[in-house]
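# Architecture at a glance
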Amino acid sequence: MNPQAKLIFTISLLLGTAITTSSNHWIMAWAGLEINTLAILPLISKSHHPRAIEAATKYFLVQATASTLLLFSSMTNAWYTGQWDITQLTHPISCLILTSAIAMKLGLVPFHFWFPEVLQGAPLTTGLLLATVMKFPPITLFFLTSHSLNPTLLTCMAILSAALGGWMGLNQTQIRKILAFSSIAHLGWMTIIISFDPKLTLLNFYIYSLMTTATFLALNSIKALKLTTLMTTWTKTPSLNAMLFLTLLSLAGLPPLTGFLPKWLIIQELTKQSMAPAATVISLLSLLGLFFYLRLAYCTTITLPPHTTNHMKQWHTNKPTHITIAILTTLSTMLLPISPLIYPLS
């Protein structure tokens, strides 16, 4: 792709995200979401492969539908209450339509079908944007309207997302699809707590974005798209594979690592809100995700091919992305001890 075109699309992405996250009016938030959608489409379809074109078409149709529902929800609320302010969403029908629209934008169950297919058709760098940056504006709208939304509906959607994200990821061999179902499962954790402690949802999103960025950059660096490819990378870049191993365990939420922090705080808050059964169910469902993360980690570091390649191991590389991956991996694995400092900052 032309560098100037790529620069324009990147600036448009940042602009759309900034407009949506900083707006108080529904029309401005909708405009920011539309700018985001139009900016990411060329990045999805830049390879001109039929799979990429299909992914871009699916993404456009789903996001256009979600934006229409969001606009319809805000207009219905304005019709009944005379308010265009995002935080003043009070009409129950508007709240229901908005929940559906944002769930469609994010890829929450039952509107999740598009996300794995789109991520599979997009390049790894674009997939990273879809899994992190593109989810920030809808999460912000969730945050601003959290006091108006139905907690029971959100809890049901969250548990279903955690269940389906874990269940569907079990038999996948494509890494991008595994990370897509991982994203759906993580969104379940973010959604279940948004009505009770919205700041915890944002903290969870920030930490998830950190770990996912480290994972995607590492996979992009070793050019791995399938589990079979991942098995042969240990002989080429052992240090990078070791960092990827730790990041995947952190994404799974194992206790000594950063990924355990949001799960721990969410379970604690749910228990305080007398929702111990929901906390138990979503904790047990996270074991499904743990299985496929461990499978990825096993393929990354423990499995060696029958005939190893005869060339020098690349312990030291001068690529600037590797420095970024090292920093992100360090943050993805070692923030748990300073959690008393992190939570008040969020």
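Keep in mind it's a predicted model, so treat the numbers as computed, not measured. Numbering of residues starts from 1 in each chain and follows the order in which that chain's sequence is written. Predicted model: local features are reported for residues with pLDDT of at least 70 only, side-chain atom pairs are reported and counted for 80 or more only, and whole-chain, interface and lining totals are derived from all residues. To get the side-chain values, all heavy atoms of the structure are used, and hydrogens and water are removed first.

## Side note on the overall build of the chain
- From N to C terminus, the chain includes 16 helices and 0 strands.
- Relative to the 2.2 N^0.38 estimate, which gives 20 Å for 346 residues, the radius of gyration of the chain is 20 Å and therefore close to what a compact globule would have.
- Across its three principal directions, the C-alpha atoms of the chain cover 70 × 50 × 35 Å.
- The buried label applies to any residue whose accessible area, calculated with a 1.4 Å probe on protein chains only, is under 20% of its type's maximum; exposed applies above 50%, and partly exposed to all values in between. Buried positions account for 53% of the 346 residues belonging to the chain.
- Contacts are assigned to residue pairs with any non-hydrogen atoms lying within 4.5 Å of each other. Restricting to contacts in the chain with at least 6 residues of sequence separation, those with at least 24 account for 78%.
- By element, 71% of the accessible surface of the chain is carried by carbon and sulfur atoms, the whole surface being about 15,200 Å².
- Placing the 17 positive and 6 negative side-chain charges of the chain at their respective mean positions leaves the two points 18 Å apart. Secondary structure elements follow DSSP: runs of H or I of four or more residues count as helices, runs of E of two or more count as strands, with numbering from the N terminus. The globule rule used here is 2.2 Å times the number of residues to the 0.38 power, and the radius of gyration it is set against is calculated over C-alpha atoms. Under the convention used here, a 1.4 Å probe and the Shrake-Rupley method define accessible areas, while residue burial counts only the protein chains that appear. Here the positive residues are Lys and Arg and the negative ones are Asp and Glu; neither His nor the chain ends is included. Where a charge lies is defined by one atom per residue type, namely NZ (Lys), CZ (Arg), CG (Asp) and CD (Glu).

## Comments concerning the packing of aromatic side chains
- Any Phe, Tyr or Trp ring, taking Trp's six-membered ring, that has another such ring centre within 6.5 Å forms a pair; planes under 30 degrees apart are called stacked, those over 60 apart edge-to-face, and the others tilted. Tallied over the full model, the rule gives 7 aromatic pairs.
- Between Phe136 and Tyr206, the ring centres sit 6.4 Å apart and the planes meet at 50°, which makes this aromatic pair tilted. One end of the pair, Phe136, is in helix H7 (residues 136-145); the other, Tyr206, is in helix H10 (residues 198-222), and 70 residues separate them in sequence.
- Residue Phe136 is classed as partly exposed on the basis of its relative accessible area, which comes to 24%.
- On the basis of relative accessible area, Tyr206 is assigned to the partly exposed category, the value being 42%.
- The structure contains a cluster of three or more aromatic residues connected by ring pairs, namely Tyr59, Trp114 and Phe115.
- Here the guanidinium or amino end of Lys135 rests over the ring plane of Phe115, the centre of that ring lying 3.9 Å away.
- The ring of Trp189 carries the charged tip of Lys263 above its face, separated from the ring centre by 5.2 Å. In this analysis the charged atom, NZ for Lys or CZ for Arg, is taken to sit over a ring once it is within 6 Å of the ring centre and within 35 degrees of the ring normal.

## Considerations on the domain arrangement of the chain
- All the domain ranges listed were derived from an automatic or database domain assignment. Considered domain by domain, the chain is made up of domain 1 (1-123) and domain 2 (150-345).
- Spacing between the C-alpha centres of domain 1 and domain 2 amounts to 24 Å.
- With 17 residues of domain 1 at the contact, the number on the domain 2 side is 18 residues.
- With both chains or domains summed, domain 1 and domain 2 bury close to 1,500 Å², and 73% of this area falls on carbon and sulfur atoms. Buried area counts how much accessible surface, traced with a 1.4 Å probe, disappears from two parts once they are put together, with both parts' losses summed.

## Some details on unusual backbone geometry
- Put simply, Val109 and Pro110 share a cis peptide bond, and its omega is 10°.
- If you trace the backbone, Pro110 turns up in the loop between helix H4 (92-106) and helix H5 (114-121).
- Of note, Lys223 is a non-glycine position whose phi angle comes to about 55°, a positive value.
- Residue position: Lys223 is located in the loop between H10 and helix H11 (227-231).
- With relative accessibility at 60%, the residue Lys223 sits in the exposed group.

## Notes on the pattern of salt bridges
- The working definition used for a salt bridge is a side-chain nitrogen of Lys or Arg within 4 Å of a carboxyl oxygen of Asp or Glu. Across all of its chains, the model carries 3 salt bridges by this definition.
- With a shortest N-O distance of 3.3 Å, Lys177 and Glu117 are connected by a salt bridge. Remark: Glu117 occurs in helix H5 and Lys177 occurs in helix H9 (residues 175-193); sequence separation between them is 60 residues.
- In this structure Lys177 comes out as buried when scored by relative accessible area, which is 16%.
- Take Glu117: its relative accessible area is 25%, and that puts it in the partly exposed class.

## Let's talk about the nonpolar core
- Nonpolar cores were defined as sets of buried Ala, Val, Leu, Ile, Met, Phe, Trp, Tyr and Cys residues, with membership established by side-chain atoms within 4.5 Å. With 98 residues, the main nonpolar core has Ile44, Tyr59, Leu130 and Leu230 as its most contacted residues.
- Taken domain by domain, this core gets at least three of its residues from each of domain 1 (1-123) and domain 2 (150-345).
- Those residues within four positions of Leu230 in sequence are excluded, and the remaining contacts are Ile175, Leu219, Ile222, Ala224, Asn241, Leu244, Leu296, Cys299 and Thr300.

## Considering the environment of Ile139
- Looking at where Ile139 falls in the secondary structure, it is placed in helix H7.
- For Ile139 and Met190, which are 51 residues apart along the polypeptide, the C-alpha to C-alpha distance reads 9.0 Å.
- Setting aside its immediate chain neighbours within four residues, Ile139 contacts Leu106, Leu187, Met190, Leu202 and Phe205.

## Description of a nonpolar patch on the surface
- On the surface, Ile27, Met75 and Trp84 cluster together into a nonpolar patch covering about 260 Å² of accessible area.
- When you line up the elements, Trp84 lands in the loop between helix H3 (50-81) and H4.
- A relative accessible area of 31% means that Trp84 is categorised as partly exposed. Excluding any residue in a salt bridge, patches collect residues exceeding 30% relative accessible area, merging like charges within 9 Å and nonpolar Val, Leu, Ile, Met, Phe, Trp and Tyr side chains within 5 Å.

## Looking at the UniProt feature "domain: NADH:quinone oxidoreductase/Mrp antiporter transmembrane" (unreviewed entry) in the chain
- Sequence positions flagged by UniProt for "domain: NADH:quinone oxidoreductase/Mrp antiporter transmembrane" (unreviewed entry) are, in local numbering, residues 23-288.
- Across residues 23-288 one finds 75% helix and 0% strand; the C-alpha atoms that close the span lie 38 Å apart. UniProt positions are given in the numbering used here, feature names are shortened, and annotations may be inferred rather than shown by experiment.

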